[in-house]
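This is what each chain is made of:
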Amino acid sequence: MTSTEISPAQRYRDLAAGFTARIDAVPADRWDDNSPCEGWTARDVVRHVLDSERDMVKVVGLELASGPSVDDDPSAAWAAVRDSMQAILDDPSKSTLEYDGHFGRTNLGATVEGFLCFDLVIHGWDLAAATGTDTTMRDTDVEWVSEIAAGLGESIRMSGVCGPEIPVPDNADKATKLLAFLGRKA
């Protein structure tokens, strides 16, 4: 690993901390506000992230710890899933478990990094946009997610993934361009 590369466990730890901060910033009365994801509330965005993480580890025969319901306590529900996922990623015997994925043979750590970490950035923005909190994304995250999104090709447009690209001016900032590519209005 070069000095500019980080492991899936490190990337998850960093982006999960950012997602935690976004959850903790949500005012108690804003959890049922509509998100930029059609038909989803802010709470549903968190539910989706939790469900995605729980489902992902099952493909290699693992399970995440159960915790409170997102309906009762979104922050505690996220913390239980986050900590359980981090423990798996920190264990090379688990994070390197292989399976046949959508794009071919891969391992759990690579999928968490390329898919679930992507979700932490984008759904973190969705959560902030839904609840009127800070939607700022770090430039490094925008660049990293942009590279992944571009590499997904038309798979990014599969049903339930991202909507059609939204046109933006050529002089729009990188975050606005990324969000527009993913079918979101900044």
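This one's a predicted model, so the numbers in the text were calculated from it and none came from an experiment.

> How would you sum up the overall build of the chain? Please name residues and give values.
Broken down by element type, the chain carries seven helices and two strands. Sequence-ordered secondary structure for the chain, helices as α and strands as β, is α-α-α-α-β-β-α-α-α. Counting only C-alpha atoms, the chain reaches 45 × 35 × 35 Å along its principal axes. The contacts of the chain with a sequence gap of at least 6 include a subset with a gap of at least 24, amounting to 65%. Working note: accessible area of the chain is about 9,600 Å², and carbon and sulfur atoms make up 50% of it. Charged side chains in the chain number 17 positive and 32 negative. The centres of these two groups are separated by 0 Å.

> How would you explain the pattern of salt bridges if you had to name every residue and give the values?
The tally for this structure, following the rule as stated, stands at 14 salt bridges. Arg 105 is the salt-bridge partner of Asp 100, the closest N and O atoms lying 3.2 Å from each other. Comparing Asp 100 with Arg 105 shows no difference in burial state: the two are exposed. For the salt bridge of Arg 184 with Asp 126, the shortest nitrogen-to-oxygen distance reads 2.7 Å.

> Can you break down the side chain of Ser 35 residue by residue, with the values?
By secondary structure assignment, the location of Ser 35 is in the loop between α1 (8-24) and α2 (42-58). The residues touching Ser 35, leaving out its near neighbours within four places in the chain, are Trp 40, Thr 41, Ala 42, Val 45, Asp 126 and Ala 130.

> Residues and numbers for the environment of Ala 130, please.
Residue position: Ala 130 is located in helix α5 (residues 108-131). On the accessibility criterion, Ala 130 (5% relative accessible area) is buried. For the pair Ala 130 and Ala 77, spaced 53 residues apart in the sequence, the C-alpha separation amounts to 19 Å. Contacts of Ala 130, omitting those with residues within four sequence positions, involve Arg 30, Asp 33, Asn 34, Ser 35, Pro 36 and Ala 42.

> Lay out α5 in plain terms, naming residues and giving numbers.
Taken as a whole, α5 carries its principal kink of about 25° at Leu 116. Where burial is concerned, most of α5 is hidden: 20 out of the 24 residues are buried. One or two steps after α5, the chain reaches Gly 132, where phi turns positive at roughly 70°.

> Explain the nonpolar core to me, and be specific about the residues and the numbers.
Counting residues in hydrophobic clusters, the biggest one holds 48 residues, and the most contacted among them are Tyr 12, Trp 78 and Val 112. Examining the composition of this core, we find that 11 residues originate from one element, α5, more than from any other. Setting aside its immediate chain neighbours within four residues, Trp 78 contacts Tyr 12, Ala 16, Phe 19, Thr 20, Ile 23, Val 49, Leu 50, Glu 53 and Leu 120.

What counts, and at which threshold
- Residues numbered from 1 in each chain as written.
- Predicted model: local features only at pLDDT ≥ 70, side-chain atom pairs only at ≥ 80, totals over all residues.
- Heavy atoms only, no water.
- Helix = DSSP H or I, 4+ residues; strand = E, 2+ residues; numbered from the N terminus.
- Contact = heavy atoms within 4.5 Å.
- Areas by Shrake-Rupley, 256 points an atom, 1.4 Å probe, with all protein chains shown as cover.
- Lys, Arg positive; Asp, Glu negative; His and termini not counted.
- Charge placed at Lys NZ, Arg CZ, Asp CG, Glu CD.
- Salt bridge = Lys/Arg side-chain N within 4 Å of Asp/Glu carboxyl O.
- Buried < 20%, exposed > 50% of the residue type's maximum accessible area, 1.4 Å probe, protein only.
- Bend = angle between axes of the 7 residues up to and from the residue.
- Core = buried A, V, L, I, M, F, W, Y, C linked by side-chain atoms within 4.5 Å.

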